[in-house]
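Okay, here's what each chain looks like letter by letter:
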Amino acid sequence: MRAETGDVAFRLLLALGESWDALQRASIDPSSKGLYLTKEYLGGYTRFSAGPSTSPRLIVEWNESTRHLRVLRCHDWPGFEAVVSSTVAYVRDEAREQGIIDSVDDVLVRACEEPTLPARRTVLPGAMEEPDVEPVRKRA
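Below you will find a few notes about this structure. (Residues numbered from 1 in each chain as written. Predicted model: local features only at pLDDT ≥ 70, side-chain atom pairs only at ≥ 80, totals over all residues. Heavy atoms only, no water.)

It is worth spelling out the pattern of salt bridges at this point. According to the stated counting rule, one finds 6 salt bridges in the structure shown. Taking the shortest distance from any N to any O, the salt bridge between Asp21 and Lys39 comes out at 3.8 Å. Residue Asp21 is found in helix H1 (residues 8-25), and its partner Lys39 is found in strand S1 (residues 36-42); the two are separated by 18 residues along the sequence. Here Arg92 makes a salt bridge to Asp105, at a shortest N to O gap of 2.6 Å. (Salt bridge = Lys/Arg side-chain N within 4 Å of Asp/Glu carboxyl O. Helix = DSSP H or I, 4+ residues; strand = E, 2+ residues; numbered from the N terminus.)

Here H1 crosses helix H2 (residues 80-98) at 40°, and the two axes come no closer than 10 Å. The angle between H1 and H2 places the two elements in the oblique class. Considering the relative orientation of H1 and H2, their crossing is left-handed. Along the contact surface, H1 presents Ala9, Phe10, Leu12, Leu13, Leu16 and Leu23, while H2 presents Phe80, Glu81, Val84, Thr87, Val88 and Val91. Of the residues in the contact of H1 with H2, the class split is 10 nonpolar, 1 polar and 1 charged. (Axes fitted to C-alpha atoms, helices over the stretch in contact; angles between N-to-C directions. Parallel < 35°, antiparallel > 145°, perpendicular 65-115°, else oblique. Left-handed = near helix turned anticlockwise from the far one by under 90°. Contact = heavy atoms within 4.5 Å. Nonpolar A, V, L, I, M, F, W, Y, C, P; charged D, E, K, R; others polar.)

Below you can see the structure in the form of C-alpha cells.
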C-alpha cells in the first residue's frame, strides 16, 4: 500500500471516505466488504483512519485546498487494493439500486483521474514502521 496521491487505489480510498456518510444515509454499508474507515474533521484537514478491521493500518490527514497529505501511520496491509476494489464494486452496485449511481460515479471517476495539481506529502517519523508484534512461540 502506498499512501500517496499518485496511487489510484489510495485516491479511491479517499473518495470512499469523502462519500462514506452519504453512502450510509442511503443505506449502503461500505464496510460490508471488509474496509473499515472513520473520518474526523480537524480544521482544514480531514483525518481518515482505515484498515481491514477496527484497528487502523492507515491514518492520514488530507487538506484538499492546500493539497497537503500528512501520513500519520502506514502499516503493511496485504490485499489493500483488493479490499478497495471490492468495496468500490459493491458501492457502485448498491448505488445503482438506490438510484444514486451518477453522484457516486462522479466522485469515483474524479479519483481515478491523474491529479493535475501537485500535492505535498509529509510522513511523520515512525509512520511507516511495522506494528510491534510479539513472535509466536512454539509449545514444547
